Amino acid sequence: MAKVTLNIESLSCRNDTAANWTSKNPILAKGEIGLETDTFKMKFGNGATAWNSLSYINTGVFNSAGHLVFPDGSEIYVE
């Protein structure tokens, strides 16, 4: 796979606390990202499955400082 560099000024996704995600239990659109702002865990939607039934993506993606960490060890700060 070719290396891709993205120059992103701003990136956002649906976000809320874990408790609110659980209580609202929405269905994310296919490919839509949902972020728990208090745990930094994420899920990807498939357009059919409610939040509570989706699996979290790699829970190691965000570190405790809120930095997005990539497999090569590089990281970016997500505000």
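So, here is what we can say about the structure in this document.

Procedures and definitions
- Residues numbered from 1 in each chain as written.
- Predicted model: local features only at pLDDT ≥ 70, side-chain atom pairs only at ≥ 80, totals over all residues.
- Heavy atoms only, no water.
- Salt bridge = Lys/Arg side-chain N within 4 Å of Asp/Glu carboxyl O.
- Helix = DSSP H or I, 4+ residues; strand = E, 2+ residues; numbered from the N terminus.
- Buried < 20%, exposed > 50% of the residue type's maximum accessible area, 1.4 Å probe, protein only.
- Contact = heavy atoms within 4.5 Å.
- Pairing = 2+ DSSP bridges.
- Axes fitted to C-alpha atoms, helices over the stretch in contact; angles between N-to-C directions.

**Some words on the pattern of salt bridges**
The final tally for this structure, using the stated rule, is two salt bridges. In this structure, Arg14 and Glu32 form a salt bridge, with 3.6 Å as the shortest nitrogen-oxygen distance. Here Arg14 is found in strand β1 (residues 14–16), whereas its partner Glu32 is found in the loop between α1 (18–24) and β2 (33–36), with 18 residues between them in sequence. Residue Arg14 is classed as partly exposed on the basis of its relative accessible area, which comes to 35%. By relative accessible area, Glu32 is classed as partly exposed at 22%. One salt bridge connects Asp16 with Lys24, and the closest N-O pair in it is separated by 3.0 Å. On the basis of relative accessible area, Asp16 is assigned to the buried category, the value being 18%.

**Details of the side chain of Asp16**
Among the secondary structure elements, Asp16 is positioned in strand β1. For Asp16, the contacting residues outside a window of four places in its chain are Trp21, Lys24, Leu35, Glu36 and Thr37.

**Side note on the environment of Ala19**
Among the structural elements, Ala19 can be located in helix α1. Counting along the chain gives 19 residues from Ala19 to Asp38, while the straight-line C-alpha distance between them is 9.3 Å.

**Overview of the sheet that holds β2**
On the basis of which strands lie adjacent, the open sheet formed by three strands has the order β1-β2-β3 and mixed pairing. Strand pairing shows two members of the sheet lacking a second neighbour, β1 and β3 (42–44), which therefore form its edges. Strand-to-strand, the axes of this sheet are offset by a mean angle of 20°, without reference to chain direction. Relative to β2, β1 runs parallel, the two being bridged by three bridges. In the strand pairing of β2, Asp16 is matched with Glu36.

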